[in-house]
Structures are given as C-alpha cells and as structure tokens.
Amino acid sequence: MSNIETLLEGVGDLGIELNEQQKKHFIKYKDLLKEWNEKINITAITDDSEIDIKHFLDSLTPIVTKLFDGKKKIIDIGTGGGFPGLPLKIFNDEIQVTLLDSLNKRIIFLNEVINTLGLKDIETIHGRAEEFGKTPKYREQYDICISRAVASLNTLAEYCMPFVKVGGCFIAMKGSDIDEELKEAEKGIKLLGGKVLKKEIVRIPKSDIVHSLIIINKVQETPTKYPRAGGKPKKNPL
C-alpha cells in the first residue's frame, strides 16, 4: 500500500485537512496509478513523495482561490492521469466533474479509479477539446474549466473558454514565468469572451516549486466559430 505522508503534511499549507475517507481515496488512487503505470505510460513521476507533491498537492492548489467551494460544475481539459480534476473531486465531493482526454487508455484508467473509489457525479470523455467544445451538451455548460495541460495559454484558451458559461471562469495552471505568455494571449482571450481576472502565485507545499494560476472570467459568449478545428488553435494561435 502506498504512503501519502508528504500529502498529509503538505495539505496544512493550503489551509485544508483530509478526513479518513479522503486519505483512503488518495492511497488507493496512488496504488492504481503506480500499478497501471507499469502497463501504460500515465506519468513519468513514480516516487511516492514526488506523486504527492507534483500531482496531488499541485492539483489541490486551486482550492486557495475559493472558487471550488460548494456545488460547482467543472471540466478538466487534457486531464492525463486525472490531474487536477480527480484530486479536486476527492477533496470536495459536491463538485460535478468531467475529465476530458484524447488518449483512450488514460480514460480506461480514470474509469477504473472512479469505479474503485465509488465516486459519483464524475464522468470521463475520450476526445478532443475542439470537438466537444462545439457540442451543445458541453458548450458553455460549466462554472469552471481548468487545465494543467501543456500548451501555450493562447492555444489553451481556445480549447477551454468555449466550455465555460458566461459568469464562470477558466483557470490555467501554469509555471511561474508566465507574463510574456499572458501578454501574447490577451487578444485571443478577449476574442473568446474572456477577461483576465488575476494571476495567483502558489507554491506547491513541501517543495520549492512555484506555479501560477491564471484566472480568466467569462464575460460574454464565445463566438460560434471557436474553437477552430484541424489543429488550428495550436498551429495558428489567436
């Protein structure tokens, strides 16, 4: 059984604590992550305390924004091994979560975690953000779209903003050196109906890693032509 000592020590720095069930969930999640990782590549991080810091604690840092309190509808784009959506769901069972990833083998893994933990109000989607962002069932249906995916902010905004309802927000989890990227993305963010609210600097507990949370408010509907298909958001960012 995996240990989650580093996680338990670190959550206090975020002003939260975990109850017994949440602790059990994180242990089981980590067990499954390490077990599946031997068969399919989910993460390059396999050490117990590294998983606690770089996956679990990093995924929980958005809690400091207070935007994840209570009942919210959230979509996590490019979730990979479930980060940050699954840890946020384990912490606050009231949130309704959609995990989207383009690799089906990751989705199969995530379904296994969800079923093993018996989580409710959480679904997985295998597909691409630019397709589902145009689907009425998902377009402008979420209070929060969050992403830790590796893409520049102007590309990521086009993938994510269409999912957010007016009045909601898109949160991009980024590194500390973000100012230039933010500047380059401002025009695109505005085009997509967004307005940068703030950049929140967070240190991941038990580490010297500093990240930033870029919080973008959705102030008006995203024009129907976005997101563009055919890899355009990446090849030719707004």
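Structure's up top.
Residues numbered from 1 in each chain as written. Predicted model: local features only at pLDDT ≥ 70, side-chain atom pairs only at ≥ 80, totals over all residues. Heavy atoms only, no water.

Asks: Account for unusual backbone geometry, naming residues and giving values.
Replies: In this structure, P84 follows F83 across a cis peptide bond, with omega equal to 5°. By the secondary structure assignment, P84 is in the loop between strand 1 (73-77) and helix 4 (85-91). Its identity is not glycine, yet D121 carries a phi of approximately 55°, on the positive side. Mapped onto the elements of the fold, D121 is located in the loop between helix 5 (104-117) and strand 3 (122-126). Positive phi, close to 65°, is recorded for K206, a residue that is not glycine. Structurally, K206 can be placed in the loop between strand 6 (194-203) and strand 7 (210-218). (Helix = DSSP H or I, 4+ residues; strand = E, 2+ residues; numbered from the N terminus.)

Asks: Provide a residue-level description of helix 7 (residues 153-160), including the pertinent values.
Replies: Within helix 7, eight of the eight residues are buried, which leaves the element mostly enclosed by the surrounding structure. Restricting attention to buried positions, one finds in helix 7 the residues L153, N154, T155, L156, A157, E158, Y159 and C160. (Buried < 20%, exposed > 50% of the residue type's maximum accessible area, 1.4 Å probe, protein only.)

Asks: Account for helix 3 (residues 48-60), naming residues and giving values.
Replies: Over its 13 residues, helix 3 runs 17 Å from end to end, which matches the ideal 18 Å to within 8%, given 1.5 Å per residue. Taken across its 13 residues, helix 3 has 10 buried, putting it largely inside the fold. Within helix 3, the full set of buried residues consists of D48, I51, D52, I53, H55, F56, L57, D58, S59 and L60. Residues of helix 3 that are buried in the fold lie against helix 1 (5-10), helix 2 (20-37), helix 4, strand 5 (164-175) and strand 7. (Expected span 1.5 Å × (residues − 1). Contact = heavy atoms within 4.5 Å.)

Asks: Outline the layout of surface pockets, supporting the account with residue identities and numerical values.
Replies: Computed from the structure, the largest pocket encloses a volume of approximately 740 Å³. Along the wall of the largest pocket there are 31 residues; nearest its centre are I77, G78, R148, A149 and V150. At the level of elements, helix 3, strand 2 (96-101), helix 6 (129-132), helix 7 and strand 5 are the ones that each hand at least two residues to the lining of the largest pocket. The dominant element in the lining of the largest pocket, judged by the number of residues it contributes, is strand 5, at three residues. Class assignment for the residues of the lining of the largest pocket results in 13 nonpolar, 10 polar and eight charged. (1 Å grid on protein atoms, 1.4 Å probe; cavity = no way out; pocket = protein on both sides within 12 Å on 5 of 7 lines; lining within 4 Å. Points joined across faces, edges and corners; volume = space filled by probe spheres on them. Nonpolar A, V, L, I, M, F, W, Y, C, P; charged D, E, K, R; others polar.)

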